[in-house]
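Below, each chain spelled out in residue letters.
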Amino acid sequence: MEKNYYGSLCTEMYEVLHQNAPQDELAFYLSYAKKDALIFEPLCGSGRFLVPFLQKGFDISGVDLSAEMLAKLKEKAPDAKAYLCNILTYNSTQKFDYIFISSGSVSLFTDMELCKKILCKIKSLLKTGGKFVFAVDTIAGKCSDDEEYKLVKSVKTAEGFDLILKCKNYYDEKTGTQYSPSIYELYDNNTLLQREEMDFQTHLYRFGEIEPHLYNIGFTNVTVYSSFNKELATDNNSDMFIYECS
């Protein structure tokens, strides 16, 4: 069971629940885009941000590790420059004016040494004067610990099947990691058609935690917001931290 891999059932549920990007979040990331800019979205997933950028005429490319998520993206935009690739091994002949990682996805890198390497890689792909914008989950969203799996979501697929998600949570104070092992099950009435397990983990950030790493990597200007309205973050009482780095 690979950590944080979006498999077929996870992707199916994601598409039902999150096919379109939230408008406030999309508008926030679009606000940094310029028509003549080269834009890059690591962890582009099924394209709920990348595709609207394309539709608005922006030159954007992306990478993701999930073949299932990228297949959904290609259904929406067959000509999209989206590649199955690990960001650390991604090779580009060009640098980018603007790079963004949406939806708190940087929190998926729970190994902090790996996270720093990925942030370093992104810095190396950014043009001088370019902007890197990303969001993380915060300690304010910590879940209570569970002993048993609980039903979290139930949706209908396009075929009329029932797709359910069960998970439990455990927070590790020492590492700041929220462990949320998950089980996806697909049913035709009471008949189980498919089952998929996911080792889902997120790092929950505290205010001021990641900024020293960003400066050490070479960013000279870092602004931290608590919302897509660009309200400045001042403490841990924010559901997300959004970083604007240059």
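Residues numbered from 1 in each chain as written. Predicted model: local features only at pLDDT ≥ 70, side-chain atom pairs only at ≥ 80, totals over all residues. Heavy atoms only, no water.

Enquirer: Would you mind going over the environment of Ser31 with me for this structure?
Expert: On the secondary structure map, Ser31 appears in the loop between α2 (23-30) and β1 (38-42). Owing to a relative accessible area of 47%, Ser31 belongs among the partly exposed residues under this scheme. Measuring from C-alpha to C-alpha, the distance between Ser31 and Ala77 comes to 22 Å, with 46 residues separating the pair along the chain. At 2.5 Å, the side chain of Ser31 forms a polar contact with the backbone oxygen of Phe28. (Helix = DSSP H or I, 4+ residues; strand = E, 2+ residues; numbered from the N terminus. Buried < 20%, exposed > 50% of the residue type's maximum accessible area, 1.4 Å probe, protein only. Polar contact = N/O pair within 3.5 Å; in protein donor to acceptor, adjacent residues only side chain to side chain.)

Enquirer: Please clarify how the pairing of strand β10 (residues 191-203) should be interpreted in this entry.
Expert: Consecutive side chains of a regular strand alternate in pointing toward one face of the sheet and then the other. Of the strand pairs in this sheet, strand β9 (residues 177-188) and β10 are connected by 12 bridges, and their pairing is antiparallel. Across the sheet, Ser182 pairs through a bridge with Met198, a residue of β10. Adjacent in sequence and paired antiparallel, β9 and β10 are bridged by two residues, among which Asn189 carries a positive phi angle near 55°. (Pairing = 2+ DSSP bridges.)

Enquirer: Would you mind going over the packing of aromatic side chains with me for this structure?
Expert: Aromatic ring pairs are reported here in terms of the distance separating the ring centres and the angle at which the planes meet. A complete count under the given rule lists 21 aromatic pairs for this structure. Measuring from ring centre to ring centre gives 6.5 Å for Phe49 and Phe100, while their planes differ by 70°; the resulting arrangement is edge-to-face. Taken together, the residues Phe49 in the loop between β1 and α3 (50-55) and Phe100 in strand β4 (residues 96-101) connect sequence positions 51 residues apart. A single burial state applies to Phe49 and to Phe100, both of which are buried. (Phe/Tyr/Trp six-rings, centres within 6.5 Å; stacked < 30°, edge-to-face > 60°.)

Enquirer: What should I look at first to understand the pairing of β1 in this one?
Expert: By the criterion of burial, β1 is predominantly enclosed, with five of the five residues buried. Following the backbone out of β1, through α3 and into the adjacent parallel strand β2 (residues 59-64), one traces a crossover that is right-handed. The sheet contact formed by β1 and β4 spans two bridges and is parallel. Bridge pairing links Phe40 to Ile99 in β4. (Right-handed = clockwise from strand over helix to strand, strands pointing away.)

Enquirer: Explain the sheet that holds β4 to me, please; I cannot follow it from the model alone.
Expert: Strand pairing in a sheet relies on backbone hydrogen bonds. The paired strands run either parallel or antiparallel. The strand order across the open sheet built from seven strands is β3-β2-β1-β4-β5-β12-β11, with neighbouring strands paired in mixed fashion. Only two strands of the sheet have a single partner each, and these edge strands are β3 (81-84) and β11 (222-225). Averaged over all pairs of adjacent strands, the angle between strand axes in this sheet comes to 15°, irrespective of strand direction. Two elements, β1 and β2, share five bridges in a ladder whose sense is parallel. Within the sheet, the bridge partner assigned to Glu41 lies in β2 and is Gly62. Packed onto the sheet, helix α4 (residues 67-76) meets β2 and β3 and runs at close to 160° relative to β3. Strands β1, β4 and β5 (126-137) of the sheet are contacted by helix α5 (residues 112-125), whose axis makes an angle of about 145° with β5. (Axes fitted to C-alpha atoms, helices over the stretch in contact; angles between N-to-C directions. Contact = heavy atoms within 4.5 Å.)

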